[in-house]
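Here is how the chains run, residue by residue.
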Amino acid sequence: MPRSVSKNIISQRISESKRDDVWLLNRLNYLWDNYFKDVEQINPVFIAFGRYSRFRLGSIRLDRINKKSYITITGMFRDPNIPVEVVDHTIAHELCHYTHGFSSPKPRLHKYPHHGGVIKKELEARKLHKLVKAYNQWLKEYRKSL
Ligand SMILES: [Zn+2]
């Protein structure tokens, strides 16, 4: 399929998507309540879709002034063809950063946010291996499309 045609199909799917910021917040709440229950939310945490980014799938930042944490998920994930486990994996990844004291007011547990595979270890410890697996599978195919 020529690139421009497939691009139109994706933007069509995104414009009709039921995935909005409320949907995203429901995914965050589901993950927090079921897999990060021990992690106390000590400041307001927001989540929203950002611009369409093919390489930066998610991020978390702490606003130094208002002390609120903001999770941003690529607008690409509005596309209902992206498995929900892939979206969940991205949210859970950012929740690990929050847990480890990066972009959150919590004490820092590591020197660097991705030190020695700490995210994967954290996800595995929280019984989220299924998300890691789904993400790796998706990533394999996605890389071919780039
Ligand atoms: Zn990260």
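Structure: see above.
Residues numbered from 1 in each chain as written. Predicted model: local features only at pLDDT ≥ 70, side-chain atom pairs only at ≥ 80, totals over all residues.

1. Side note on the overall build of the chain
And then number 1: If you tally the helices and strands in the chain, you get 5 helices and 3 strands.
And then number 2: Ordered by position from the N terminus, the helices and strands of the chain form the series α-α-β-β-β-α-α-α.
And then number 3: In summary, the chain has a C-alpha radius of gyration of 16 Å against a globular reference of 15 Å for 146 residues, a match within 12%.
And then number 4: For the C-alpha atoms alone, the extent of the chain along its principal axes is close to 50 × 30 × 25 Å.
And then number 5: Counting every position in the chain, which comprises 146 residues, the buried fraction comes to 26%.
And then number 6: A separation threshold of at least 6 residues defines the contact pool for the chain, and within that pool the share at least 24 residues apart is 65%. (Helix = DSSP H or I, 4+ residues; strand = E, 2+ residues; numbered from the N terminus. Rg over C-alpha atoms; globule rule 2.2 N^0.38 Å. Buried ≥ 20, exposed ≤ 12 C-beta atoms within 10 Å, placed from the backbone. Contact = placed C-beta atoms within 7 Å.)

2. Structural notes on unusual backbone geometry
And then number 1: Despite not being glycine, Lys 67 has its phi angle at roughly 60°, a positive value.
And then number 2: Take Lys 67: it is sitting in the loop between strand 2 (58-62) and strand 3 (69-73).
And then number 3: Notably, Ser 103 is not glycine yet its phi reads approximately 60°, a positive angle.
And then number 4: Residue placement: Ser 103 occurs in the loop between helix 3 (84-99) and helix 4 (118-125).
And then number 5: On the neighbour-count criterion, Ser 103 (19 C-beta atoms within 10 Å) is partly exposed.

3. Observations regarding the packing of helix 2 (residues 21-35) against helix 3
And then number 1: Where helix 2 meets helix 3, the axes come as close as 10 Å, and the angle between the chain directions of the two elements is 60°. Relative to helix 3, helix 2 is oriented oblique. Of the two possible hands of crossing, helix 2 and helix 3 adopt the one that is right-handed. Residue-level contacts link Arg 27, Leu 28, Leu 31, Trp 32 and Tyr 35 of helix 2 to Val 87, Asp 88, Ile 91, Ala 92 and Leu 95 of helix 3.
And then number 2: Taken together, the residues of the contact of helix 2 with helix 3 break down into 8 nonpolar, no polar and 2 charged. (Axes fitted to C-alpha atoms, helices over the stretch in contact; angles between N-to-C directions. Parallel < 35°, antiparallel > 145°, perpendicular 65-115°, else oblique. Left-handed = near helix turned anticlockwise from the far one by under 90°. Nonpolar A, V, L, I, M, F, W, Y, C, P; charged D, E, K, R; others polar.)

Purely spatial values, then, with no claim about function.
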